[in-house]
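Reading the structure
Okay, here's what each chain looks like letter by letter:
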Amino acid sequence: MLPPAALGVVRTVVSLLVDGRHEDLETLTEGRRLSAARTERAVREYGGDLISPPDEAFADADVRESEDGTGYTVAMPLRTAQEGPCRLEVRLTLREVAEDVWTVQIDALRVP
């Protein structure tokens, strides 16, 4: 189970993807791993229109604590208007850098 502040970061990432705000997503992640152009291309190549998942979908994300205990990896399935739950997922690494302050990195945006 993710701490509330970390869950908020996951929600923000998904919201930015759904809204097509790839530049803002790149800013949030400080450009680690995936650029705005790469996330935009991954969404476009998958096809379909991303939609916001219901709240309960976040509880279904695959969450794993890092081996060193300093953060989490999260695999969050996305949704499209055409399919509902779809095969595209975003994989994130979250690290707590101060109390309730989290950094996020997009490790992948792909079909597993």
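Presented here is an overview of the structure given in this document. (Residues numbered from 1 in each chain as written. Predicted model: local features only at pLDDT ≥ 70, side-chain atom pairs only at ≥ 80, totals over all residues. Heavy atoms only, no water.)

**Some thoughts on the environment of T29**
Of note, T29 is situated in the loop between helix 2 (22-28) and helix 3 (36-46). For T29, a relative accessible area of 1% translates into the label buried. Through-space distance from the C-alpha of T29 to that of S66 is 18 Å; in sequence the pair is 37 residues apart. Every residue in contact with T29, bar those within four places of it in the chain, is listed here: L34, V104 and I106. (Helix = DSSP H or I, 4+ residues; strand = E, 2+ residues; numbered from the N terminus. Buried < 20%, exposed > 50% of the residue type's maximum accessible area, 1.4 Å probe, protein only. Contact = heavy atoms within 4.5 Å.)

**Considerations on the layout of surface pockets**
Once rolled over the atoms, a probe with the size of a water molecule shows which space is left empty. Quantified by volume, the largest pocket comes out at close to 150 Å³. The greatest single-element share of the lining of the largest pocket, amounting to three residues, is contributed by helix 4 (residues 55-59). The class makeup of the residues in the lining of the largest pocket is seven nonpolar, no polar and one charged. (1 Å grid on protein atoms, 1.4 Å probe; cavity = no way out; pocket = protein on both sides within 12 Å on 5 of 7 lines; lining within 4 Å. Points joined across faces, edges and corners; volume = space filled by probe spheres on them. Nonpolar A, V, L, I, M, F, W, Y, C, P; charged D, E, K, R; others polar.)

**A short note on the packing of aromatic side chains**
With the rule as written, the count across this model stands at one aromatic pair. Seen from their ring centres, Y72 and W102 are 5.9 Å apart, and the 40° between their planes marks the pair as tilted. With Y72 in strand 3 (residues 71-80) and W102 in strand 5 (residues 101-110), this pair connects stretches of sequence that are 30 residues apart. The pair formed by Y72 and W102 is uniform in burial state, with each residue classed as buried. We note R11 situated over the ring of F58; from NZ or CZ to the ring centre the distance is 4.4 Å. (Phe/Tyr/Trp six-rings, centres within 6.5 Å; stacked < 30°, edge-to-face > 60°. Lys NZ or Arg CZ within 6 Å of the ring centre and 35° of its normal.)

**Digging into the pairing of strand 5**
Within a regular strand, side chains alternate between the sheet's two faces. For strand 4 (residues 84-98) and strand 5, the ladder comprises nine bridges, and the chain directions are antiparallel. Bridged to T93 within strand 5 is Q105. Hairpin connection of strand 4 to strand 5: two residues between the antiparallel strands, including D100 at a positive phi of 65°. (Pairing = 2+ DSSP bridges.)

**Here we look at the pattern of salt bridges**
Side-chain pairing between opposite charges can occur once the charged atoms of the two side chains come close. What the rule picks out here adds up to six salt bridges. Between R11 and D55 there is a salt bridge whose closest N-O contact spans 3.1 Å. In this pair, R11 sits in helix 1 (residues 4-18) while D55 sits in helix 4, placing the two residues 44 residues apart along the sequence. Residue classification places R11 among the partly exposed residues on the basis of a relative accessible area of 31%. (Salt bridge = Lys/Arg side-chain N within 4 Å of Asp/Glu carboxyl O.)

**So, helix 1**
The terminal C-alpha atoms of helix 1 lie 21 Å apart, and with 15 residues this matches the ideal 21 Å at 1.5 Å per residue to within 8%. Taken residue by residue, helix 1 has A6, V9, V10, V13, V14, L16 and L17 as its buried positions. Along the axis of helix 1, the buried positions cluster into a sector of 165°, meaning they face one direction only. Looking one or two residues beyond helix 1, the residue adopting positive phi is G20, at roughly 70°. (Expected span 1.5 Å × (residues − 1). Arc of directions from axis to C-beta.)

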